[in-house]
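The residues making up each chain are set out below.
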Amino acid sequence: MLWSGWGDPAKAAALPAPIRGLLRDLLGVREPETPAASFGEVRLPVAALSPLVLSELAGIVGADHVRTDDDARIRHTRGKSTPDLMRMRAGDGSDAPDAVVLPGSHGEVLELLRACAAHRVAVVPFGGGTSVVGGLVAARQGFAGVVALDLARLNRLVSVDAESMVVEIEPGLRAPQAERLLAGHGLTLGHFPQSFEYATLGGFAAARSSGQASAGYGRFDDMVVGLTVATPRGTLDLGRAPKSAAGPDLRQVILGSEGAFGVITSLRLRVRRAPAERIYEGWRFASFAEGSAALRRLAQDGPLPTVLRLSDETETMIGLARPEEIGGPAAGAGCLVIAGYEGSSEVAGLRERAAAVLAGLGGVPLGPGPGESWAHGRYSAPYLRDSLLAEGATVETLETAGFWSNLPRLYDAVRLSLHASLGSPLVMCHVSHVYGTGASLYFTVVTAQSGDPLAQWEGAKRSVNEAIVAAGGTISHHHGVGRDHREAYAAEIGDLGVEILRGIKGRLDPEGILNPGVLIA
Ligand SMILES: Cc1cc2nc3c(=O)[nH]c(=O)nc-3n(C[C@H](O)[C@H](O)[C@H](O)COP(=O)(O)OP(=O)(O)OC[C@H]3O[C@@H](n4cnc5c(N)ncnc54)[C@H](O)[C@@H]3O)c2cc1C
């Protein structure tokens, strides 16, 4: 993973000339005056952990698994939001952990947490490092140092219960490795977020992730039937049946807790049979409103495709949605729907029935072209962000969700807020996940960088968070809370809600060492 950007540097995507022209002419983007810092120019804080603490940690995991070198520290600094990348590009490594520790078992995690609690060392659980909400930045104040607890060594497929379609799997596995291991058993999780190449299963559970095929396979939190968690107070082992009426479901306390309550060391996940067939195709609707109505109908009355997404007029036009596939802007781009069907013999029938609904509601079939090209390029967009940043454009994404009846208000509120903060940015949106009761809206914003692009974006982000809360949306459908959404989350759940979470944290983590400042203050 590129330390100051996204993904495999070999896959870096140069900006096509027409996009460069568009940025210059439409948004007034100018190349930044200061070049990005090199790896050697990153400024790191002096490592704070004493030799005594380091040797105690090494005694638990082995000296090879405690790293204090610059390379390890830089690669475990923050996550991959646009502000995170801006800070790294400016050479700001001030949030680097003092050490990176790689435990090899649940028992080692327990011991590490006890040792860190005893020495008041903050611990940041680290999966793939793809958080986009500041979920990997611990508050240092009052602590003797910060340790990144990298779960990469917890990477086994522990067991497969083919009868129950449940697997036990460790949290440090990256999604592609997990899918490869499951494919060996003819199984899949069906969890394909855009961060698929790097994110881990533990990170998906801790941040309640949602993949692009959520209509068919469900969100990640739907897949978790059980989990084991190491906390400074001991072990929590939750989930022993598919459903239970035995009191409140404590699994839900851990899902979405973003490392603030404990470290997930094992997951029991519901799996599906790997699909034998996949069909992806495009549809055009005249407007976002008409497209939304069609998606709602499928979500409420079925049949529900495995992948279902709708780009608004701007996103469709801009080519993120490949306008050439739908006749180009001159033909009236309208709004592009991608519908995907995965499974075995039932796929053709499912497609036919869904197609009849879409056509009946005004959809124009565009054939497999747009669907295949979406599937082919589904992980490539994040690579463009690095090129845009280098060119002098800020590009960032944000997301929310609401009930169908409130979706137009939410859509307008986000767009209005971004325009009020940023002048004339390009704001694109798609409906990314659908449910019977509502849907999530995923926005991509592109704007010319000001003299202080970080402050420019942070101001816009604060306002849009407030706008989302005021418009009755949730502050996050799938990115999580981290530090960036903490205030808005508190507004969403209210003072009593925050008090409950503080109570839980106080019980599980009395010294407050786990991800301090993330999720709740
Ligand atoms: C380009 C890009 C595209 C993205 N697309 C999507 C998308 O389509 N859908 C989506 O849902 N998200 C998306 N994300 C956000 C991100 O990938 C998810 O939040 C993902 O779940 C994070 O997984 P990770 O392994 O990288 O976790 P990390 O970033 O390492 O950690 C995320 C949070 O969970 C905590 N944590 C990690 N592992 C554990 C553990 N084992 N126990 C306890 N706490 C833990 C961390 O402390 C942190 O607070 C995207 C991010 C990027 C950069």
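Rules of the game
Residues numbered from 1 in each chain as written. Predicted model: local features only at pLDDT ≥ 70, side-chain atom pairs only at ≥ 80, totals over all residues. Heavy atoms only, no water. pLDDT = per-residue confidence, 0-100. Contact = heavy atoms within 4.5 Å. Buried < 20%, exposed > 50% of the residue type's maximum accessible area, 1.4 Å probe, protein only. Helix = DSSP H or I, 4+ residues; strand = E, 2+ residues; numbered from the N terminus. Arc of directions from axis to C-beta. Near = heavy atom within 4 Å. Polar contact = N/O pair within 3.5 Å; in protein donor to acceptor, adjacent residues only side chain to side chain. Nonpolar A, V, L, I, M, F, W, Y, C, P; charged D, E, K, R; others polar. Pairing = 2+ DSSP bridges. Axes fitted to C-alpha atoms, helices over the stretch in contact; angles between N-to-C directions. Phe/Tyr/Trp six-rings, centres within 6.5 Å; stacked < 30°, edge-to-face > 60°.

Visitor: Explain the confidence of the model for the protein to me, and be specific about the residues and the numbers.
Guide: Confidence along the protein averages 95 in pLDDT terms, with 97% of residues attaining 70 or more. Low pLDDT, under 50, characterises residues 323-331; the stretch is placed with 18 contacts to residues that sit more than four places away or in other chains.

Visitor: Report on helix α6 (residues 175-183), specifying residues and quantitative values.
Guide: For α6, the complete set of buried residues consists of Ala 175, Pro 176, Ala 178, Glu 179 and Leu 182. The buried residues of α6 all sit within an arc of 160 degrees when viewed along its axis, so they share a single face. Of the surrounding elements, those touching the buried residues of α6 are β5 (157-161), β6 (166-169), β7 (187-188) and α7 (201-207).

Visitor: Lay out the site of the ligand with the relevant residues and their values.
Guide: Around the ligand, 35 residues are found, and the nearest of them are Pro 125, Thr 130, Gly 135, Ser 195 and Thr 200. Measuring from an oxygen atom of the ligand, one finds a side-chain N or O atom of Ser 209 at 2.8 Å. Within the backbone of Ser 210, one N or O atom sits 2.9 Å away from a nitrogen atom of the ligand. The set of elements that each furnish at least two residues to the shell around the ligand consists of β3 (121-126), α7 and β10 (263-270). Per-element accounting of the shell around the ligand gives the leading share, 5 residues, to α7. Its residues assigned to classes, the shell around the ligand shows 15 nonpolar, 18 polar and 2 charged.

Visitor: I'd love a proper account of the environment of His 419, names of residues and values included.
Guide: Checked against the element boundaries, His 419 lands in helix α16 (residues 407-422). Under the relative-accessibility criterion, His 419 is labelled partly exposed at 29%. Along the backbone, His 419 and Ala 460 are 41 residues apart, and their C-alpha atoms lie at a distance of 9.0 Å. With residues near it in sequence (within four places) discarded, His 419 still touches Ser 424, Pro 425 and Val 427.

Visitor: Just give me the short version of the sheet that holds β3, but keep the residues and values in it.
Guide: What holds strands together in a sheet is hydrogen bonding between their backbones, with the strands either parallel or antiparallel. The 4 strands lie next to each other as β1-β2-β4-β3, forming an open sheet whose pairing is mixed. Across the chains shown, the open sheet's two edge strands, defined by having one partner strand only, are β1 (66-67) and β3. Pairing geometry for strand β2 (residues 99-101) and strand β4 (residues 145-150), over 3 bridges, is parallel. Bridging across to β4, Val 100 finds its partner in Ala 148. Along the sheet face, helix α5 (residues 106-119) touches β2, β3 and β4 and points at about 150 degrees away from the line of β3.

Visitor: Would you mind going over the packing of aromatic side chains in detail, with residue names and values included?
Guide: Geometry of an aromatic ring pair is reported as the spacing of the ring centres plus the angle between the planes. Going through the model one piece at a time under the given rule, you end up with 8 aromatic pairs. Measuring from centroid to centroid gives 5.4 Å for Phe 192 and Phe 196, while their planes differ by 50 degrees, and the two rings are tilted. With relative accessibility at 11%, the residue Phe 196 sits in the buried group. With 4.8 Å between their ring centres and 35 degrees between their planes, Phe 288 and Tyr 411 make a pair best called tilted. With Phe 288 in helix α11 (residues 288-301) and Tyr 411 in helix α16, this residue pair connects regions lying 123 residues apart in the sequence. A single burial state applies to Phe 288 and to Tyr 411, both of which are buried.

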